[in-house]
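What the coordinates show
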Amino acid sequence: MSFTSHRGQFPHSRPRRLRASEFSRRLVRENRLSSDDLILPLFVIEGRGETQQVASMPGVERLSVDLLTAKAKELVQLGIPAVALFPVVDPSAKSDDARAAYDKDGLAQRAVRALKDAAPELGVITDVALDPFTSHGQDGLMNDAGYIVNDDTVEVLVQQALSHAEAGADVVAPSDMMDGRIGAVRAALERDGHANTQIMSYAAKYASSYYGPFRDAVGSAGNLKGANKFSYQMDPANGDEALHECALDLAEGADMIMVKPGMPYLDVVRRVKDELKVPTFAYQVSGEYAMHCAAFENGWLNRDAVILESLLAFKRAGADGVLTYFAEEAAQLLQAQ
């Protein structure tokens, strides 16, 4: 798309005039970041009064359910509208068939119920994928040849999504990248009386190298044993394919679209928003968080300024909201402005 300026030439047009004063910078600002744009990912563990530091994500903790509910109340006070929940499953609960994923009394399901009891106004988004529950660390079921099978995996994902909806999840977020899973989940939700349960589809999830710290956080890195997810997550070289994936998921009943990772894929966020014009979200993933923190700790970047600038970039690219481990800190900074 070509761009033609309708302004005159220098000196009749001086773009710096609008930048010279604070009042005019505020008046013509095109995008604004607020706490309404933020979703905080949370890692939940078993136990009571338990916290565990994530070594590769400085400042991020895994929390037991009781501490999770206390955190939820703090987030409501900060104006953060939703959290994204990720369970850290004990190795004894992992299996080839991922049956713990849809246990009605599983860790994720109990955490959802506790969160909705403690802070009913806080939106709870749950991860629908099998990697925390599989003995091999993949997002789906594996056949004897080591291939992740699509249709059998979708059947388990449907059971998982239903167990989350029954526990009270406001949004189920399939992040597995299996074909057809959005339609199957939507049909099951409608059939079982969960018509208002929303689906946030990780429709454009790339086979990225930025996920390493997250896999440490949920305990799936060791199970993967160096394997990759290239046969179902998207090739980082592809952009058009992302639009196709998003359009398919919308046709199957997705309410919102997710692009993951975030900042390295802002071009994809922009295209999804411009071409499909739907609620579009992005995930500032663990690798992005870890890189920022490393620079902050070395004094190379200004922490507060860079956190807010990085999140504003998502808004400028067209994201309606951002999953970010900086959500709580950013909301505090925004309140102080």
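First, a word on scope: everything that follows refers to the structure included in this document. (Residues numbered from 1 in each chain as written. Predicted model: local features only at pLDDT ≥ 70, side-chain atom pairs only at ≥ 80, totals over all residues. Heavy atoms only, no water.)

**Some details on the overall build of the protein**
Helix and strand counts for the protein stand at 12 helices and 12 strands. Over its C-alpha atoms the protein spans a radius of gyration of 21 Å, differing by no more than 12% from the 20 Å that the globule rule assigns to 337 residues. The principal-axis extents of the C-alpha atoms in the protein amount to approximately 70 × 45 × 40 Å. A burial count over the protein gives 54% of its 337 residues as buried. Contacts in the protein between residues far apart in sequence, at least 24 positions, make up 74% of those at least 6 positions apart. Surface summary for the protein: the accessible area is close to 15700 Å², and the carbon and sulfur share equals 50%. Of the side-chain charges in the protein, 34 are positive and 47 negative, and the distance between the mean point of each set is 10 Å. (Helix = DSSP H or I, 4+ residues; strand = E, 2+ residues; numbered from the N terminus. Rg over C-alpha atoms; globule rule 2.2 N^0.38 Å. Buried < 20%, exposed > 50% of the residue type's maximum accessible area, 1.4 Å probe, protein only. Contact = heavy atoms within 4.5 Å. Areas by Shrake-Rupley, 256 points an atom, 1.4 Å probe, with all protein chains shown as cover. Lys, Arg positive; Asp, Glu negative; His and termini not counted. Charge placed at Lys NZ, Arg CZ, Asp CG, Glu CD.)

**Re the environment of Ala-118**
Of note, Ala-118 is situated in helix α3 (residues 107-118). When the C-alpha positions of Ala-118 and Leu-67 are compared, they lie 11 Å apart, and in sequence the two are 51 residues distant. For Ala-118, the residues in contact, after removing those within four places along its chain, are Thr-69 and Lys-73.

**Thoughts on a nonpolar patch on the surface**
Where nonpolar side chains cluster on the molecular surface, the patch consists of Leu-18, Phe-23, Leu-27 and Val-28 and spans about 420 Å² of accessible area. The residue Val-28 is located in helix α1 (residues 22-28) in this model. The exposure class of Val-28 is partly exposed, given its relative accessible area of 44%. (Patch = residues over 30% accessible without salt bridge, like charges linked within 9 Å, V, L, I, M, F, W, Y side chains within 5 Å. Salt bridge = Lys/Arg side-chain N within 4 Å of Asp/Glu carboxyl O.)

**Considering the pattern of salt bridges**
It is possible for side chains of opposite charge to pair when their charged atoms get near one another. Going through the model one piece at a time under the given rule, you end up with 21 salt bridges. In this structure, Lys-71 and Glu-74 form a salt bridge, with 3.8 Å as the shortest nitrogen-oxygen distance. Of the two residues, Lys-71 and Glu-74 both sit in helix α2 (residues 65-77), 3 residues apart, roughly one turn of that helix. Note on Glu-74: relative accessible area 41%, which makes it partly exposed. A salt bridge links Glu-275 to Arg-271; the shortest N-O distance between them is 3.1 Å. With a gap of 4 residues between them, Glu-275 and Arg-271 both fall in helix α9 (residues 266-276), about one helical turn apart. Linked by salt bridges that have partners in common, Asp-131, Asp-139, Lys-205 and Lys-229 make up one network.

**A closer look at unusual backbone geometry**
A cis geometry characterises the amide bond from Phe-10 onward to Pro-11, with omega recorded as 10°. As for its placement among the helices and strands, Pro-11 is situated in the segment before α1. In the segment running from Lys-260 into Pro-261, the intervening peptide bond is cis, with an omega of -5°. Inspection of the secondary structure assignment puts Pro-261 in the loop between β10 (256-260) and α9.

**Points about helix α4 (residues 150-167)**
For α4, which comprises 18 residues, the first-to-last C-alpha distance of 26 Å matches the rise-based estimate of 26 Å (1.5 Å per residue) to within 8%. Buried residues of α4: Thr-153, Val-154, Val-156, Leu-157, Val-158, Gln-160, Ala-161, Leu-162, Ser-163, His-164, Ala-165 and Ala-167, and no others. Residues of α4 that are buried sit in contact with α3, β5 (123-128), β6 (141-142), β7 (148-149), β8 (171-174) and α5 (181-191). Following α4 by one or two positions, Gly-168 adopts a phi angle in the positive range, close to 115°. (Expected span 1.5 Å × (residues − 1).)

**Re the pairing of strand β11 (residues 280-284)**
Most of β11 sits inside the fold, with 5 of its 5 residues counted as buried. Sheet topology note: the β10/β11 ladder contains 3 bridges and is parallel. Within β11, the position partnered with Val-259 by the bridge is Ala-282. Chirality of the crossover, the property in question, places the unit of β10, α9 and β11 among those that are right-handed. (Pairing = 2+ DSSP bridges. Right-handed = clockwise from strand over helix to strand, strands pointing away.)

**Quick notes on the environment of Ala-188**
Examined against the element boundaries, Ala-188 turns out to sit in helix α5. A C-alpha to C-alpha distance of 7.3 Å links Ala-188 and Leu-162, two positions 26 residues apart in sequence. Contact partners of Ala-188, with chain neighbours within four places excluded, come to Val-158 and Leu-162.

**Focus on the packing of aromatic side chains**
A full pass over the atoms with the stated rule returns 10 aromatic pairs. With a centroid separation of 5.7 Å and 55° between ring planes, the pair formed by Phe-43 and Phe-214 is classed as tilted. Of this pair, Phe-43 sits in strand β1 (residues 38-45) while Phe-214 sits in helix α6 (residues 212-218), and the two are 171 residues apart along the sequence. In this structure, Phe-43 and Phe-214 share a single accessibility class: buried. Aromatic side chains Tyr-283 and Tyr-325 sit 6.0 Å apart centroid to centroid with 45° between the ring planes, which places their arrangement in the tilted category. Here Tyr-283 is found in strand β11, whereas its partner Tyr-325 is found in the loop between β12 (321-324) and α12 (327-336), with 42 residues between them in sequence. Side by side, Tyr-283 and Tyr-325 carry an identical accessibility label, which is buried. Here the aromatic cluster, defined as three or more aromatic residues joined through ring pairs, consists of Phe-43, Phe-86, Phe-214, Tyr-283, Tyr-289, Phe-296, Tyr-325 and Phe-326. (Phe/Tyr/Trp six-rings, centres within 6.5 Å; stacked < 30°, edge-to-face > 60°.)

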